[in-house]
Amino acid sequence: MEDTITIDPDYNSANEWDADDLDSETTSITSSVARGRFQNGRRGPSDEQQFESFEVGHMLFLMLDYDRQNPHHHAPITQPPKHILDIGTGKGSWALDIADMYPSATVRGVDLYPPPVNWEPPNCVFEVDDILRDWTWSEPFDLIHLRMMLGAFTPEGWDRLYQQCYENLTPGGWIEHMELDVRLQSDDDTLKEDSYLGGWGPMFIGCGERSGRSLLTQETMRGAMEKAGFVDMHEKLYKIPLGPWPKNKILKEIGRLQYFHWTSALEGWALWLLTKYGAPSPWTNDEVQAYLAKIQVELQNPHIHGYEYARRVWGRKPTEEEARAM
Ligand SMILES: C[S@@+](CC[C@H](N)C(=O)[O-])C[C@H]1O[C@@H](n2cnc3c(N)ncnc32)[C@H](O)[C@@H]1O
């Protein structure tokens, strides 16, 4: 079963905006947090900046489901959950929230790098490991969550990962995966294909293909999950405005968050991929910086009404009864 794609009817109604929309004292709390972090001219070491971009991404993803009581996951897990896993936990924000939400559960956040966390609730455990290695956890999970892992694995890596998820879920347990589509578009033709922002998605998808780790994860993840054996698949597609151009107040806020998400993450996204897999040959650092400066100019153009898609997919491991009937 597939959830209907609901898009606000007001979506395409745009407002002109100016720098005040990103600076104003009157903006909401979420963007004040982001603004405080990103507009003070403070730029920490790149990993600090990356963690900050993960944090804004986290706020953004929660905001996309502002109308749900629980914006953290859609999978209807059995209550109370006992074991939950967050793969590629990054800054650990989702895992920490979930540990608060479900005191009954042990929540594990796994990443190649330790999250910058000074304190975690006793039921939240962060582990540094490569998730592609053999898993050694003994208790099966009720929910496994992944978000923004695009480009992390080869197709074989994804197959292996989903297989391990399947094997390590309790019968009837859920997997949930959310990804961004890196391509930008507009419905009113204000974002031109031949602009820098219009070329962004295709260019990075090309880098992803050359690296063997496709960035089109949001398109392939559902099929790969089904291949691993998951059933009862659901999905939800979101439209994420880039910049505070929508007239609708919530979408404007989402657009503002996505602007901060982009500006904090740009360098991290672009430097690695372009200097390794840029076309026609790997780019120099200076070339990447010059390109990013042009992207920044377009990001601040209030006449461009760009958006990206994000997709959330969730599915279930068959129950024991269903498995017997298969
Ligand atoms: C873009 S971040 C997303 C962080 C977090 N899921 C979120 O939505 O904020 C991707 C994370 O996946 C981690 N990652 C990539 N490959 C991994 C692997 N093989 N094993 C564990 N973590 C991995 C990266 O270190 C990074 O922190």
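Criteria and thresholds
Residues numbered from 1 in each chain as written. Predicted model: local features only at pLDDT ≥ 70, side-chain atom pairs only at ≥ 80, totals over all residues. Heavy atoms only, no water. Helix = DSSP H or I, 4+ residues; strand = E, 2+ residues; numbered from the N terminus. Buried < 20%, exposed > 50% of the residue type's maximum accessible area, 1.4 Å probe, protein only. Contact = heavy atoms within 4.5 Å. Areas by Shrake-Rupley, 256 points an atom, 1.4 Å probe, with all protein chains shown as cover. Axes fitted to C-alpha atoms, helices over the stretch in contact; angles between N-to-C directions. Parallel < 35°, antiparallel > 145°, perpendicular 65-115°, else oblique. Left-handed = near helix turned anticlockwise from the far one by under 90°. Lys, Arg positive; Asp, Glu negative; His and termini not counted. Salt bridge = Lys/Arg side-chain N within 4 Å of Asp/Glu carboxyl O. Polar contact = N/O pair within 3.5 Å; in protein donor to acceptor, adjacent residues only side chain to side chain. Near = heavy atom within 4 Å. Nonpolar A, V, L, I, M, F, W, Y, C, P; charged D, E, K, R; others polar.

Some remarks on the overall build of the protein
Helix and strand content of the protein: ten helices and seven strands. Split into buried and exposed, the 326 residues of the protein put 52% on the buried side. In the protein, the proportion of contacts linking residues at least 24 apart, taken out of those at least 6 apart, comes to 73%. Element-wise, carbon and sulfur atoms account for 51% of the exposed surface of the protein, whose accessible area totals about 15400 Å².

Things to note about the packing of helix H5 (residues 155–167) against helix H7 (residues 217–228)
Relative orientation of the contacting elements H5 and H7 amounts to 50°, with a least axis distance of 9 Å. Looking at the two axes, H5 sits oblique to H7. The chirality of how H5 crosses H7 is right-handed. Contacts from Trp158, Asp159, Tyr162, Gln163 and Tyr166 in H5 reach Thr217, Met221, Ala224, Met225, Lys227 and Ala228 in H7.

Some words on the side chain of Glu179
Relative to the helices and strands, Glu179 resides in strand S5 (residues 169–180). Of the buried charged residues, Glu179 lacks a salt bridge, with Arg147 as the closest side chain of opposite charge at 8.6 Å. Here the side chain of Glu179 touches Met149 through a polar contact of 2.7 Å, landing on its backbone nitrogen. A polar contact of 2.6 Å, which involves the side chain of Glu179, links it to the side chain of His177. The contact partners of Glu179, leaving out residues within four places of it in the chain, are Arg147, Met148, Met149, Leu150, Thr217, Gln218, Met221, Tyr309, Ala310 and Arg311.

Topic: the environment of Gly306
Mapped onto the elements of the fold, Gly306 is located in the loop between helix H9 (285–299) and strand S7 (307–316). Distance from Gly306 to Asp187, taken between C-alpha atoms, is 8.0 Å for residues 119 residues apart in sequence. Those residues in contact with Gly306, other than ones at most four positions away along the chain, are Leu184, Gln185, Ser186, Leu191, Ile240, Pro241, Leu242 and Trp245.

A word on the site of the ligand
As a matter of local geometry, the ligand sits amid 14 residues, with Gly88, Asp111, Asp130, Ile131 and Arg147 nearest to it. The backbone of Gly88 places a nitrogen or oxygen atom 2.7 Å from a nitrogen atom of the ligand. Contact distances for the ligand include 3.4 Å between a nitrogen atom and a backbone N or O atom of Leu112. When the ligand is considered free in solution it has 600 Å² of accessible area, and contact with the protein chains removes 85% of it. For the shell around the ligand, the per-class residue count stands at seven nonpolar, three polar and four charged.

Thoughts on the packing of helix H6 (residues 196–211) against helix H8 (residues 249–277)
Across the interface, H6 lies against H8 with an axial gap of 10 Å and an inter-helix angle of 45°. Of the possible angle classes, the one that applies to H6 and H8 is oblique. For H6 against H8, the interelement crossing comes out left-handed. Contacts between H6 and H8 involve Leu197, Trp200, Met203, Phe204, Cys207, Arg210 and Ser211 on the former and, on the latter, Trp262, Leu266, Trp269, Ala270, Leu273, Leu274 and Tyr277. Split into classes, the residues belonging to the contact of H6 with H8 amount to twelve nonpolar, one polar and one charged.

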